[in-house]
Each structure stands twice: as structure tokens, then as C-alpha cells.
Amino acid sequence: MTVRTLEATATRDGRWWLVRVPDLDAVGQARTVRDIQAVAVEVAALHLNVPEEDVDVHVTVHVSEEAERLWEQARQIEEEARAVQQRAAELRREAVRRSRADGYKLDAAAAAFGVTTSRIQQLAAEPVAS
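All values derive from a computational prediction rather than experimental measurement. (Residues numbered from 1 in each chain as written. Predicted model: local features only at pLDDT ≥ 70, side-chain atom pairs only at ≥ 80, totals over all residues. Heavy atoms only, no water.)

Describe in detail the sheet that holds strand β3 (residues 26-30), supporting the description with residues and values.
Backbone-to-backbone hydrogen bonds join strands into a sheet, with any given pair of strands oriented parallel or antiparallel. Across the sheet, 4 strands lie side by side as β3-β2-β1-β4; this open sheet has mixed pairing. Whereas interior strands pair on both sides, the edge strands pair on one side only; in this sheet they are β3 and β4 (55-62). Geometrically, the sheet is characterised by an average inter-axis angle of 30° between neighbouring strands, direction not taken into account. With 5 bridges connecting them, strand β2 (residues 16-21) and β3 associate as antiparallel partners. Paired with arginine 20 across the bridge in β3 is valine 27. Packed onto the sheet, helix α1 (residues 36-48) meets β1 (4-13), β2, β3 and β4 and runs at close to 135° relative to β4. (Pairing = 2+ DSSP bridges. Helix = DSSP H or I, 4+ residues; strand = E, 2+ residues; numbered from the N terminus. Axes fitted to C-alpha atoms, helices over the stretch in contact; angles between N-to-C directions. Contact = heavy atoms within 4.5 Å.)

Which residues make up the packing of helix α2 (residues 65-101) against helix α4 (residues 117-125), and what values go with them?
Two numbers describe a pair of packed helices, the interaxial angle and the distance between the axes. Put simply, α2 and α4 touch, their axes get as near as 8 Å, and they point 100° apart. Classified by the angle their axes make, α2 and α4 are roughly perpendicular. Along its contact with α2, which presents Arg93, Val96 and Arg97, the element α4 presents Ile120, Leu123 and Ala124. Taken together, the residues that form the contact of α2 with α4 break down as 4 nonpolar, no polar and 2 charged. (Parallel < 35°, antiparallel > 145°, perpendicular 65-115°, else oblique. Nonpolar A, V, L, I, M, F, W, Y, C, P; charged D, E, K, R; others polar.)

Here it is in C-alpha cells:
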């Protein structure tokens, strides 16, 4: 038999975790976070009347909406920061290329930009982003 892949969610309900498999309209309970995956697989297999090996359940564990919102906000900010850092690196490479094209030697560019001549060589050798 083909393995059936399902999605599930787990949310805390007092001292227990409610494990929901929406596609099957099925719910189970787990005592700890470590038990959630096993409960999700067990609930799905029982509901489908198949061996546990025949189901694969991806579980998304939820905490409070506020905590999840903050986490997502942090992820977005990190993504934006990576893009800004990439742009800064492109500008540095371009500054080095331009100074070299204008006839400045490695040591002059290094002194102007406050880095070593080795760093100027690295920046000059890095490919231009397309």
C-alpha cells in the first residue's frame, strides 16, 4: 500500500496536547510534546484502519498566537536583514571595482575603506551579482 501523508496540528489544552488531523476529522491527546508525533500517527492509522507504517503525519505544534506572531515578525526581519547585507556586499564590491578602475592601487583602496589589502583583493575577485 502507498503511504498516505497527512497534516496535523497540536495545541495545548490545559496539561494535555490536542492533536487534530483535519483531513480525517480526527482528534487525539498527547501528554507531552514528545508524544505528539506518535499520537498523530496512531490516530491517523486507527481512523484509516491501516498499519501505522502506512501513514506519514506532518505535525505543526502551535503556541500562543502572540508568540507565533512575534516569531514570524522576527523571521521576516531576519530575511530583510539578509537582503540588506547582500546589497551592502554588492556595493562594497562595486566600490572596490570602481576604485581599481579609476587607477587606485590595492593599498590605497584598503586605506580608504579601512580594510586590509587582502580584503580588497577578495572583493575585487568576487563575481558581480546578476
